[in-house]
Amino acid sequence: MTHTTTALTDIIDCPLCRCPDYQPLYTTTVFASEAIGTLDIQISMCEQCGFSYQNPQLTQETLDRHYQHHSSGATFHLLNENSRHFKLLTERNTFIESHIPLEQRHVICDMGGGQGDLISSIQAPQNAQKILIEPSCAIDQFDDPQIHVINKKIEDLSPADCPQIDLLLCISVLEHLKNPADVLQALQSKMTEGGYLVLEVPNSLTPYLQLAEFYSYEHLNHFTEQTLQQCLTQSGFIVIATDQTPSIPNIRIIAKKSTTLNNKTLTVNALKQYQTNKKAFIEQAFHAINDDIINKSLSHFSIYGTGEHTRAILEQFHFIDKVEYFIDTDSKKWGTELYNKPIIGPHQISDIQHRTILISSHDFELEIAHTIREHDTTIHIITLYNNLSC
Ligand SMILES: [Zn+2]
């Protein structure tokens, strides 16, 4: 077979930061298809932002020729309960269910959704609209009357094609696109403010070995969490959740369209929320102290724990005069003093005259309660975080 003189690939600038300088990382030769023959694929890294992408890259003309006859969305798959495809579908639905309220799923759009399994299975309110945008031939066999199919590329969508999107699904698509940040930005402009994006791409930090090439010639972009984040930020999205346990080596995130939120305001909001929660939490945690020590006018008690946590309690409650002993597991502290009170070991608990111990620890509260019980089965224990059912 003789090639035409038209080049299959050309050299491009970084799709994220437009820097023209790059370093080759990896090269491989693959047979692509009858239409385009054998290809030398090179993955390069942007010298400026570190993004990895195919460079030289297949031209749009080559890609169009390829996708006319091929589609990774049309890959054979089983959809019974034990199949890999069913497991992935369940995982994605679970992730969506835990982060996206049902009432914010009025217009759901699956971009490059292959045969439409995810959008078909997703829960939606009554009268919700489901739209599948799939430019390839994968939708030829698609026939779900509930779903409106648009056989176009996202760049070619007109406002009349599709209402403002509340929930956009974009699974295994971004790695195929020539200008991922530009396409995301175009999609973002078709979404409602606060709309959700569910996005999945292969994780380039965890390639796996198989006989077919992991770095497929169809994948023009090779994301890590960091470069995906960069791409999303640039396109007006903010990541709100990352699936920590996908069963395939993918990065799976949920992001929100936001023209007002950015990482600064998110941090400020998180800190405000923390302050509010902390106040309520302290009130609740100290309820036990109020009930068991202050209100019962307990004359003396001991505190298990001599660290930061204890200092915080003693700052809040001025009852150091009532503390008989401090107890600590660390034998180096035994025989020393804290706030002029002796520190004893757990083996001395049964000698304590006043029969109440307050456990001052968040992380080890239950372990300490267990230790106390090993040495003394009757002494009264006050906990701040866990309910002791003994
Ligand atoms: Zn770059």
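Along each chain, numbering runs from 1 in the same order as the chain's sequence is written. Residue-level local features of this predicted model are given only where pLDDT is at least 70; pairs of side-chain atoms are given and counted only at 80 or more, and the full residue set underlies all totals for whole chains, interfaces and linings.

Asker: Before we move on, can you summarise the overall build of the protein chain with the specific residues and values?
Answerer: Numbering of helices and strands runs from the N terminus, with a helix taken as a DSSP run of H or I at least four residues long and a strand as a DSSP run of E at least two residues long. From N to C terminus, the protein chain includes nine helices and 19 strands. Two things to know: the radius of gyration comes from C-alpha atoms, and the globule rule equals 2.2 Å times the number of residues to the power 0.38. The C-alpha radius of gyration computed for the protein chain amounts to 30 Å, which surpasses the reference 21 Å derived for 390 residues by more than 25%, pointing to a less compact arrangement than a globule. For the C-alpha atoms alone, the extent of the protein chain along its principal axes is close to 95 × 50 × 45 Å. Counting only residues that meet the buried cut, the protein chain has 30% of its 390 residues in that class. Contact between two residues is assigned when their C-beta atoms, built from the backbone, lie within 7 Å. Considering only contacts within the protein chain whose residues lie at least 6 apart along the sequence, 62% involve residues at least 24 apart. Neighbour density around each residue's C-beta defines its exposure: 20 or more other C-beta atoms within 10 Å make it buried, 12 or fewer make it exposed, and counts between make it partly exposed, where C-beta atoms are placed from the backbone.

Asker: Can you break down the nonpolar core residue by residue, with the values?
Answerer: Proteins that are soluble and globular tend to have nonpolar side chains buried together. Nonpolar cores are identified as sets of buried Ala, Val, Leu, Ile, Met, Phe, Trp, Tyr and Cys residues joined via C-beta atoms within 7 Å. Counting residues in each nonpolar core, the largest one holds 49 residues, and the members touching the most others are Cys-109, Met-111, Leu-168, Leu-169, Cys-170 and Leu-197. No fewer than three residues from each of domain 1 (9-69) and domain 2 (77-261) sit in this core. When sequence neighbours within four positions are dropped, the list of residues in contact with Cys-170 reads Met-111, Gly-112, Leu-197, Val-198 and Leu-199. If you look at the next biggest cluster of nonpolar residues, it comprises twelve residues, including Phe-301, Ile-303, Leu-358 and Ile-359. Here the bounds of each domain stem from an automatic or database domain assignment.

Asker: Tell me about the pairing of strand S14 (residues 301-304), and please be specific about residues and values.
Answerer: Residues Phe-301 and Ile-303 line one face of S14 and the alternating positions Ser-302 and Tyr-304 line the opposite face, and both faces are buried. Each pair of strands is called paired provided DSSP finds at least two bridges between the two strands. Across three bridges, the pairing between S14 and strand S15 (residues 323-327) is parallel. For Ile-303, the partnering residue across the bridge sits in S15 and is Phe-326. Following the backbone out of S14, through helix H8 (residues 308-316) and into the adjacent parallel S15, one traces a crossover that is right-handed. Whether a crossover is right-handed depends on one test, that the path from the first strand over the helix to the second runs clockwise when the strands point away from the viewer.

Asker: Which residues make up the sheet that holds strand S13 (residues 250-257), and what are the values?
Answerer: Read across the open sheet, the seven strands follow the order S8-S7-S6-S9-S10-S13-S12; overall the sheet is mixed. Only two strands of the sheet have a single partner each, and these edge strands are strand S8 (147-150) and strand S12 (237-242). Direction aside, neighbouring strands of the sheet carry axes that sit 20° apart on average. Judged from the seven bridges that link them, strand S10 (residues 191-202) and S13 form a sheet pairing that is antiparallel. Within the sheet, the bridge partner assigned to Tyr-196 lies in S13 and is Lys-256. To obtain each axis, a line is fitted to C-alpha atoms, and for helices this fit is confined to the stretch in contact; angles are then taken between N-to-C directions over 0 to 180 degrees.

Asker: An account of the environment of Thr-59 is needed here, citing residue identities and associated values.
Answerer: Structurally, Thr-59 can be placed in the loop between strand S5 (57-58) and helix H1 (60-69). We classify Thr-59 as partly exposed; it has 16 C-beta atoms within 10 Å. Separated by 17 residues in sequence, Thr-59 and Gln-42 place their C-alpha atoms 14 Å apart. In this view, Thr-59 contacts Ala-7, Leu-8, Thr-9 and Asp-10; residues no more than four positions away in its chain are not counted.

Asker: Quick one: what's the story with the pairing of S15, residue by residue and with numbers?
Answerer: With two bridges joining them, S15 and strand S17 (residues 341-344) adopt parallel strand pairing. Following the sheet pairing, Ile-327 is matched in S17 by Ile-344.

Asker: Give a description of the packing of helix H4 (residues 180-188) against helix H5 (residues 225-234) that names residues and reports values.
Answerer: In contact at an axis separation of 8 Å, H4 and H5 are set at 45° when each is read in the N-to-C sense. Looking at the two axes, H4 sits oblique to H5. Judged by the twist between their axes, the crossing of H4 over H5 is right-handed. Across from Pro-180, Ala-181 and Leu-184 in H4, the residues of H5 making contact are Cys-231, Leu-232 and Gln-234. Throughout this entry, Asp, Glu, Lys and Arg are counted as charged residues, while Ala, Val, Leu, Ile, Met, Phe, Trp, Tyr, Cys and Pro are counted as nonpolar. The remaining residues, Gly among them, count as polar. Class assignment of the residues belonging to the contact of H4 with H5 gives a composition of five nonpolar, one polar and no charged. For classification purposes, angles smaller than 35 degrees are called roughly parallel, those larger than 145 roughly antiparallel, those between 65 and 115 roughly perpendicular, and all remaining angles oblique. Two helices that cross are described as forming a left-handed crossing if the nearer one is turned anticlockwise from the farther one by less than a right angle, and a right-handed crossing if clockwise.

Asker: Hey, could you go over the sheet that holds strand S2 (residues 22-33) for me, with residue numbers and the actual values?
Answerer: Read from one edge of the open sheet, four strands run S2-S3-S4-S11, paired in antiparallel fashion. Of all the strands in the sheet, just S2 and strand S11 (221-222) have a single pairing partner and so form its edges. Direction of pairing for strand S3 (residues 37-46) relative to strand S4 (residues 52-54): antiparallel, over a ladder of three bridges. Opposite Ile-43, over in S4, you have Gln-54 as the bridge partner.

Asker: I'd like to hear about H4, residue by residue, with values.
Answerer: Inspection of H4 places Pro-180, Ala-181, Val-183, Leu-184, Leu-187 and Gln-188 among the buried residues, and these make up the whole buried set. All buried residues of H4 project into a common sector of 160° when viewed along the axis, lining one side. Summarising the geometry, the arc corresponds to the directions from the helix axis toward the C-beta atoms.

This is a description of form; function is not addressed.
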